[in-house]
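# Results of the structural survey
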Amino acid sequence: MTRMCRLLPLFASVLLAAPALRAEQKAKDPKPLEVAATRDERVTVLQQEIDRLRGEMAALREEVKRLRADSAKAGDSGIAARIEAIEARQAKLEAELARIAEELKQTGDALDQISEGDRKRPAITVYGTLQATKYDDRDSIFDAEAFEIVLSGRPHPRLSFFAEIEFERAASVGGPRGGEIVLEQAYVSYTFAQLFSVRTGVLLVPFGNVNVDHFAPRRDVVRKPLVSYAIAPSDWTDNGVQVAGRRLFGASWLLEYEASVIAGLDSHITSAGTRAARQPFGVDNNGNKALAGRFAIKRSTSFETGISGYTGKYDDQNRRRLDGWAADLRADIRSLRLTGEFDHFSVDRGGMEMSHLRGYYVRASYDLHGGFLRALAKDFDDPQLTLVAQYDWARIDGPNEVSGGFERNQETGFTLGVAYRPSRQWVLKVNHETNKATNRPLQRGEIKGWLGSVGFVF
Amino acid sequence: MREAVWERMRPNRRPSMPMTPEKIGKYTVIELLGRGGMGEVYLGEDPYIGRRVAIKIIKGADPDARDRFLHEARVIGALAHPAIVSLLDFDFSADEPFLVMELLKGEGLDAWLKKPHSLPEQLVVLTDICQALAYAHENGVLHRDVKPSNVQILASGHAKLMDFGIARATTGKLTATGSVMGTPEYMAPEILKDAVYSPRSDLYACAVLLYEMFTGRNPFAANTVAAALTNVLTLNPPDVRVARPDIPKRLAETLMACLHKEPALRPDGFGALLTAAREAAGGPPGPAIPETRAIPQQPASKAPRTEARASAGSTPPPGKAPWLWIGAVGVVAVMGIVWFLNRTPVPIDSVVASPSAATPATVAPTVTASPTPEAEPEVVATPQPTRTPQTKGRAAAEPADRAPVVAAPTPVATPPPSPPSSSPPSSSMTLPAISPTPLPQASPLVDSPASTPTPQAPRPPAVAPPTLTSVSPRSFRHGSSTVLEVRGSGLTRDLTASILEGRRPAAGIKVVRLEFVGPDLMRVTILSEPELPLGFYTLVFHGPGGLVTQGLQIEVLL
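Note that the structure is predicted; figures quoted are calculated from it, not measured.

### Details of the overall build of chain A
Assigned secondary structure in chain A consists of seven helices and 16 strands. Long-range contacts, defined here as pairs at least 24 residues apart, represent 58% of the contacts in chain A between residues at least 6 apart. Entry remark: accessible area of chain A is about 20700 Å², with carbon and sulfur atoms responsible for 59%.

### So, the overall build of chain B
For chain B, the helix and strand inventory stands at twelve helices and 25 strands. Burial analysis of chain B (558 residues in total) assigns 57% to the buried set. Of the roughly 21900 Å² that chain B leaves accessible, carbon and sulfur atoms contribute 58%.

### Considering the packing of aromatic side chains
All names here are of chain A. Scanning the model with the defined rule gives 18 aromatic pairs over all chains in all. Aromatic pair Phe162 and Tyr187: ring centres 6.2 Å apart, planes at 25°, arrangement stacked. Taken together, the residues span a long stretch of sequence, with Phe162 in strand β3 (residues 159–168) and Tyr187 in strand β4 (residues 180–193) at a distance of 25 residues. With relative accessibility at 7%, the residue Tyr187 sits in the buried group. Members of the aromatic cluster, joined through ring pairs, are Phe147, Phe167, Phe456 and Phe458.

### What about the sheet that holds strand β19 (residues 481–489) of chain B?
All names here are of chain B. Taken in spatial order, the four strands of this open sheet run β17-β19-β23-β22, and their pairing is antiparallel. Lying at the two open borders of the sheet, with one neighbouring strand each, are β17 (467–472) and β22 (509–518). Neighbour-to-neighbour, the strand axes of this sheet turn through a mean angle of 25°, independent of strand direction.

### A short note on the environment of Asp202 of chain B
Residue and element names in this part refer to chain B. Here Asp202 shows up in helix α6 (residues 199–215). The spacing of Asp202 and Met187 is 15 residues in sequence and 8.5 Å in space, taken between C-alpha atoms. With sequence-adjacent residues up to four places away left out, Asp202 is seen in contact with Leu133, His137, Leu142, His143, Arg144, Val146 and Phe270. Within the structure, Asp202 has its side chain in polar contact with the backbone nitrogen of His143 (distance 2.7 Å).

### Details of the sheet that holds strand β5 (residues 87–91) of chain B
All names here are of chain B. Taken in spatial order, the six strands of this open sheet run β1-β2-β3-β4-β6-β5, and their pairing is antiparallel. Of all the strands in the sheet, the pair left with one neighbour each is β1 (23–24) and β5. In terms of strand pairing, strand β3 (residues 39–45) meets strand β4 (residues 52–58) through seven bridges, oriented antiparallel. Bridge pairing in β4 places Gly39 opposite Ile58.

### A short note on a nonpolar patch on the surface
Residue and element names in this part refer to chain A. Together, Tyr366, Leu387, Val418, Trp426, Leu428, Val430 and Trp450 make up a nonpolar patch on the protein surface, roughly 600 Å² of accessible area in all. Per element, the largest residue contribution to the nonpolar patch is three residues, and it comes from strand β15 (residues 426–438). In this fold, Leu428 is placed in strand β15.

### Considerations on the confidence of the model for chain A
Mean pLDDT over chain A stands at 82; residues scoring 70 or higher make up 77%. Scored below 50 in pLDDT, residues 1–5 of chain A makes seven contacts in the model with residues more than four places away or belonging to other chains.

### Some words on the packing of helix α9 (residues 249–258) of chain B against helix α10 (residues 271–282) of chain B
Residues and elements named next belong to chain B. Direction vectors running N to C along α9 and α10 enclose 160°, while the axes themselves pass 8 Å from each other. Here α9 lies roughly antiparallel to α10, going by the angle between them. Handedness of the crossing formed by α9 with α10: left-handed. Contact with α9, carried on its side by Arg250, Leu251, Thr254, Leu255 and Cys258, involves Ala272, Leu273, Thr275, Ala276, Ala277, Glu279 and Ala280 of α10 and no other residues of that element. Across the contact of α9 with α10, the residue classes break down as eight nonpolar, two polar and two charged.

### Focus: α9 of chain B
Of all the positions in α9 of chain B, only Leu251, Ala252, Thr254, Leu255, Met256 and Cys258 of chain B are classed as buried. Close packing links the buried residues of α9 of chain B with α4 (119–138), α6, α8 (240–243) and α10 of chain B.

### Digging into the pairing of strand β11 (residues 336–347) of chain A
Residue and element names in this part refer to chain A. Burial analysis of β11 places nine of its twelve residues in the buried class, which makes it a mostly covered element. As paired elements, strand β10 (residues 321–333) and β11 share twelve bridges and run antiparallel to each other. From the neighbouring strand, Ile333 faces β11, where its bridge partner is Leu336. Between the antiparallel neighbours β10 and β11 lie two residues, among them Arg334 with a positive phi of about 55°. Here β11 runs beside strand β12 (residues 355–369); their pairing, made up of twelve bridges, is antiparallel. Residue Ser346 lies in a different strand from β12, and its bridge partner there is His356.

### Some thoughts on the packing of α4 of chain B against α10 of chain B
Any two packed helices are characterised by how steeply their axes cross, that is the angle between the axes, and by the distance between the axes. All names here are of chain B. Packing of α4 against α10 brings their axes to within 10 Å, and their N-to-C directions diverge by 160°. Looking at the two axes, α4 sits roughly antiparallel to α10. For α4 against α10, the interelement crossing comes out left-handed. Contacts between α4 and α10 pair Leu123, Leu126, Thr127, Cys130 and Gln131 from the former with Leu273, Leu274, Ala277, Ala280 and Ala281 from the latter. When grouped by side-chain class, the residues that make up the contact of α4 with α10 number eight nonpolar, two polar and no charged.

### A look at the environment of His81 of chain B
Residues and elements named next belong to chain B. With respect to the helices, strands and loops of the structure, His81 is situated in the loop between α2 (63–77) and β5. Sequence spacing of His81 and Lys160 is 79 residues, and the spatial spacing of their C-alpha atoms is 9.1 Å. A polar atom in the side chain of His81 sits 2.9 Å from the backbone nitrogen of Ala83.

### Here's the deal with the pattern of salt bridges
All chains considered together, the criterion is met by 37 salt bridges over all chains. Put simply, Asp246 of chain B and Arg244 of chain B hold a salt bridge, and the shortest N to O gap is 2.8 Å. The class for Asp246 of chain B is partly exposed, based on a relative accessible area of 40%. Overlapping salt bridges bring together Arg294, Glu304, Asp328, Arg330 and Asp332 of chain A as one network.

### Observations concerning the confidence of the model for chain B
All names here are of chain B. Per-residue pLDDT for chain B averages 65, and the proportion of residues at 70 or more is 58%. Of all the helices and strands in chain B, strand β15 (residues 379–381) carries the lowest mean pLDDT, 31, while α6 carries the highest, 91. Note on residues 1–17: pLDDT under 50 across the span, and 63 contacts to partners over four residues away in sequence or across chains. Predicted confidence is poor over residues 171–179, with pLDDT under 50, and the contacts of this stretch with residues over four places away or in other chains come to 23 contacts. Scored by ipTM, the complex comes to 0.70, with pTM at 0.50.

### Considerations on α4 of chain B
Residues and elements named next belong to chain B. Taking 1.5 Å as the rise per residue, α4 with 20 residues should run 28 Å; its terminal C-alpha atoms sit 28 Å apart, in good agreement. With respect to burial, α4 is a largely interior element, 18 of its 20 residues being buried. Once α4 finishes, Gly140 follows within two positions and takes phi at roughly 75°, a positive value.

### Comments concerning the environment of His432 of chain A
All names here are of chain A. Among the structural elements, His432 can be located in strand β15. On the basis of relative accessibility, which here comes to 24%, the residue His432 falls in the partly exposed class. Residues His432 and Phe414 lie 18 residues apart in sequence; the distance between their C-alpha atoms is 8.1 Å. The residues touching His432, leaving out its near neighbours within four places in the chain, are Phe414, Thr415, Leu416, Gly449 and Trp450.

What counts, and at which threshold
Residues numbered from 1 in each chain as written. Chains lettered and ligands numbered in written order. Predicted model: local features only at pLDDT ≥ 70, side-chain atom pairs only at ≥ 80, totals over all residues. Heavy atoms only, no water. Helix = DSSP H or I, 4+ residues; strand = E, 2+ residues; numbered from the N terminus. Contact = heavy atoms within 4.5 Å. Areas by Shrake-Rupley, 256 points an atom, 1.4 Å probe, with all protein chains shown as cover. Buried < 20%, exposed > 50% of the residue type's maximum accessible area, 1.4 Å probe, protein only. Phe/Tyr/Trp six-rings, centres within 6.5 Å; stacked < 30°, edge-to-face > 60°. Pairing = 2+ DSSP bridges. Axes fitted to C-alpha atoms, helices over the stretch in contact; angles between N-to-C directions. Polar contact = N/O pair within 3.5 Å; in protein donor to acceptor, adjacent residues only side chain to side chain. Patch = residues over 30% accessible without salt bridge, like charges linked within 9 Å, V, L, I, M, F, W, Y side chains within 5 Å. Salt bridge = Lys/Arg side-chain N within 4 Å of Asp/Glu carboxyl O. pLDDT = per-residue confidence, 0-100. Parallel < 35°, antiparallel > 145°, perpendicular 65-115°, else oblique. Left-handed = near helix turned anticlockwise from the far one by under 90°. Nonpolar A, V, L, I, M, F, W, Y, C, P; charged D, E, K, R; others polar. Expected span 1.5 Å × (residues − 1).

The following block contains the structure:
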């Protein structure tokens, strides 16, 4: 019994110190995110620990008191001293816990403020492409095709903005070296609900998947499909108002819609396409506003199909209609990715025959991963090599804008190439194009050659 | 540490939580093996020679933790012995200092003990541990935490001592006083009474370990720390030959002498144990004990790092140059083979780097390296490792050369397996990262098998937060619905998930569906809006009682 009494303080100190130290150590070694996410809970847990410790201390005092009474050595000053030491330790621990709780609170408050401030700050992303082309019988060209700055932000849960500024061909605006700076997108959005938000500003016209997803480094080929030059004039942006919404069905099916009221295309629609009909920003050649919209079904990131429509009057007199529709598809089947789009526009040419603009592209891309690619790019996680083949077709039937005579202008293109992506941030593409034109060329003409590009997104 | 917290929580556009780095120093990081309170251990590869290693880094700027890390590195770095885990590299200049340790194939002694082994096999382990400790003592290092989980059994059957996290380098006199550290069942009585460490306290712990190895149970194990301490102080374990009559008498006597409560009455050093083991190796039938390895007699700083495989006294005499040449060629050939084998991914089943921070249950592979830097309180009772129980069938079917590899710390404790009746659970005195579960009521002071059971509240297992190891894909496009596969361990149906932007719930991106596939896989469907600011966000899981997992970084791209 005597021996046990001598050992009692030791047991007591171990029993007391262990859980206390756990709490102390927890506080000393906070897991940053855990603290961040559950600061209050952790403080509560620490508080519970100290409460439990107090209870245990009280019980222990009782036990010691009883043992003192029972033991012949109840007056042992050593035991009393040990108990005092334990009580002192408890007091120290309580003070420490209070300090930690306060520190947690202050740290949390400060970080909350930083998070709040940071949320109001726009995020910046840049992307761009540099191209090199060598067509047969033409000089080779280096072309800093585009450098774009993307700003996005959400200063309030319901308010957001998205802007995209393009510096094309190393733009030196107003100087002799050409190029342009374009505000491709710049809109603010107010979200009422997932199913309904309103955007206003400079908007991408929701027409076809090339225009909606126009970020060049994401494409597997160097140039945009022919259909997006000659038929739907991408990059097609316009001033206006847009409503948009989305709804998720099941685990991964997403329905999306976008509907815009925009200034629309003007009367510069030619037998070579609609590209020249994009109006300057802030200008409308008639009082009529065009409607454009797209409805899409997506399944996670592996499947997307959409239909788009456009209608509006295009001439200065506000009499002639331009109507169009498009269907697009993107589907991933294991490593194979199929992408395509078909566009059609009908143009009322007044007293002349209607013009019909049609075009499509189909692209098959096959992704290769691992193996030799990893050996090639050891510093990257998941390098990818994409083998790609694309077929382009576009035809415009209608009266020539000068002669008035009926014309059928057609152009086709076949592209074979590779796209090497050591990471999602960088892509190297090499393509060989063979283009054929019937009658007047729509965009490329009768030409073949090599194209290369380097794209980046940061 | 506060700066580190600050840095990690810096919101948005920067990683909110550390992701697996691509490189640490010159080493290519293959995967995270485990994460502890203040450090992480990675499986890495030396890009120049293709050797796989365990890399332990310390997170944060807590000077105490850095000091302990440096201390550990210095201790291990000063020891070069084939039965002690080797330090291969160390960089203290980086923001996150790291040490690189050899990757050990095999299993922890605690797991090894659960399987039957012959006396010769056990004698090999005994010899290795004793030689390692003797060598450490000769070089002025007390281990102070000798226990099964700090010993790794290699596929060859040899043992390696590791986890020098609380080891103490002493100057001159090999006795140290100070804070009480260690694991209750293996603490010598004089540590509990007077907090005095000496080579004899390491000898005592080693003897407890050997007793456990021979008999299958720790002689002082109890259900509570208090009971275990009582046993250590008062209980005289029965002669080891009661349970193992096949152990030679001299070895048994020496072992029991090493367990004497009075340190002065224990043998001086490990010589007696080693001698008894050598004698025993010739006694019992069965395969002869392999040659023991010589204990280097020179100071650690000058000790060769190569293994002295010859038995004591069997050093080749001078003038036998041809044999030396043959030996050298053999060593080179073996190194070549090892190098070649290490170039290919090791079929790792489990990894151990440091027992003080066990690898999460489902985070195989595992490798053993060294302890996780933890705060060093005045009193610490290191918990018994809560290691994933191995699949028996597989373990039995596994050929020796495919034995699990052990490597690293145990960031989050997994619930310990049900203890076998012969081996009562060791009491744990540390908490998992977050333990919202109320702690148990005060335990009775004494609770040993020999004593009258005192009514007590059952000690509920601490709730360990799930561990997340990876998310795929890690990046996805804005304006998309994306199904992310989150892998980890301890995942449960009652978890919820959220996405943080910095410290705040993110707007414009949310978790719309959570599918529990299994305890190691969860599918999370995320919906992001087209106007969502591009950049980094953090996916976290929440459980009952405020339990929160660590975060996984996800990136929203164009």
